[in-house]
Amino acid sequence: MARRPVALWSAGVAGSISCAVTHAIVVPLDCIKTTLQTQPELTGNRVAARTILETSGPRGFLRGLGPTAIGYSVQGLIKFGGYETLKRAGNRLIARARPDDERTPPLLRISMMLAAAGSAELAATLFLCPLETVKLRMQTDAAVTSLGVARAVGHIVRSEGAAALYVGLGPIALRQVPYTMVKLVAYDALILAIRRGRAGPAAAG
């Protein structure tokens, strides 16, 4: 029993590190994408990259790095840690509801896992959205970029209200939740299939 909290924290911490690192690495590409989206007169990635260099220097490719790293660190912690927690709680509920069954029907187990993944990601997105807003402002407004993450949040809240931090929550959730449901459940299913494949020959021998 004592090992379960450790395993859950391990999943959360691993998710936090992996999400923060992978999203931070692609911030330069995100800067180019945002530049192209906000300056339609620019044509192509090279032109956008050259524009960033000319206006902001090499550091222009790192605009939004802070909120990206922080936002996805928290998002990864909640997503992976929450998924494992909810999945285990779901397994316990199924075991109590079907105490005489040796095996849980696959559809019931997959449905439970999908619900756990979706719920965990929805909670994670609520924390991610404000920092996504800050990231976008930093990439499009040099004045906000110079403030830093904490002061940028305060600036947005004072000038536009707290609700401004959650502009775009719907589209972000529609992107993140289905993606996470498929990703986490597919990963678990693949790992289970691999383990069963390895156990099969050993059991037969």
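Residues numbered from 1 in each chain as written. Predicted model: local features only at pLDDT ≥ 70, side-chain atom pairs only at ≥ 80, totals over all residues. Heavy atoms only, no water.

Mind laying out the overall build of the protein, listing which residues take part and the relevant values?
Secondary structure summary: the protein contains 8 helices and 0 strands in total. Taken from N to C terminus, the helices and strands of the protein fall in the order α-α-α-α-α-α-α-α. Its C-alpha atoms give the protein a radius of gyration of 21 Å, more than 25% over the compact-globule value 17 Å for 205 residues. Oriented by its inertia axes, the alpha-carbon framework of the protein measures out at about 65 × 40 × 30 Å. The buried share of the protein, reckoned over its 205 residues, is 34%. A separation threshold of at least 6 residues defines the contact pool for the protein, and within that pool the share at least 24 residues apart is 75%. Summed over all atoms, the accessible surface of the protein reaches about 12300 Å², with 66% contributed by carbon and sulfur. (Helix = DSSP H or I, 4+ residues; strand = E, 2+ residues; numbered from the N terminus. Rg over C-alpha atoms; globule rule 2.2 N^0.38 Å. Buried < 20%, exposed > 50% of the residue type's maximum accessible area, 1.4 Å probe, protein only. Contact = heavy atoms within 4.5 Å. Areas by Shrake-Rupley, 256 points an atom, 1.4 Å probe, with all protein chains shown as cover.)

Quick rundown of the nonpolar core? Include the residues and the values.
Judged by nonpolar contacts, Y83, I94, M112, M113, A116, A117, A120, L184 and V185 together constitute the single largest core of 9 residues. Where this core is concerned, the elements lending two or more residues are α4 (65-97), α5 (106-140) and α8 (169-204). In terms of residue count, α5 provides more of this core than any other element does, 5 residues in total. Apart from the residues lying within four places of it in its own chain, the contact partners of I94 are T104, L108 and M112. (Core = buried A, V, L, I, M, F, W, Y, C linked by side-chain atoms within 4.5 Å.)

Lay out a nonpolar patch on the surface with the relevant residues and their values.
Taken together, the side chains of W9, V13, I17, V21, I25, V26, L29 and L77 define a hydrophobic patch exposed on the protein surface, amounting to about 790 Å² of accessible area. It is helix α1 (residues 3-25) that contributes the most residues to the nonpolar patch, 5 residues altogether. With respect to the helices, strands and loops of the structure, L77 is situated in helix α4. Take L77: its relative accessible area is 33%, and that puts it in the partly exposed class. (Patch = residues over 30% accessible without salt bridge, like charges linked within 9 Å, V, L, I, M, F, W, Y side chains within 5 Å. Salt bridge = Lys/Arg side-chain N within 4 Å of Asp/Glu carboxyl O.)

Could you give an account of helix α7 (residues 149-160), with specific residues and numbers?
Taking 1.5 Å per residue as the helical rise, α7 with its 12 residues ought to reach 16 Å, and the 16 Å between its terminal C-alpha atoms agrees with that figure. Taken residue by residue, α7 has A152, G154 and I156 as its buried positions. Tucked inside the fold, the buried residues of α7 contact α5 and α6 (142-145). One or two residues past the end of α7 sits G161, with phi positive at roughly 95°. (Expected span 1.5 Å × (residues − 1).)

Got a sec to walk through the packing of helix α2 (residues 27-38) against helix α3 (residues 45-56)? Specific residues and values, please.
Running from amino to carboxyl end, α2 crosses α3 at an angle of 100°, the nearest separation of the two axes being 9 Å. Compared by their axis directions, α2 and α3 come out roughly perpendicular. Contacts between α2 and α3 involve C31, I32, T35 and L36 from the first element and N45, A48, A49 and I52 from the second. Broken down by class, the residue content of the contact of α2 with α3 amounts to 6 nonpolar, 2 polar and no charged. (Axes fitted to C-alpha atoms, helices over the stretch in contact; angles between N-to-C directions. Parallel < 35°, antiparallel > 145°, perpendicular 65-115°, else oblique. Nonpolar A, V, L, I, M, F, W, Y, C, P; charged D, E, K, R; others polar.)

Pulling in residues and values, what's your account of the side chain of T68?
Position of T68 relative to the elements: it lies in helix α4. At 2.7 Å, the side chain of T68 forms a polar contact with the backbone oxygen of G64. Beyond its immediate chain neighbours, meaning those up to four positions away, T68 contacts H23, A24, V27 and K135. (Polar contact = N/O pair within 3.5 Å; in protein donor to acceptor, adjacent residues only side chain to side chain.)

Interpretation note: all reported values are geometric properties and have no functional meaning in isolation.
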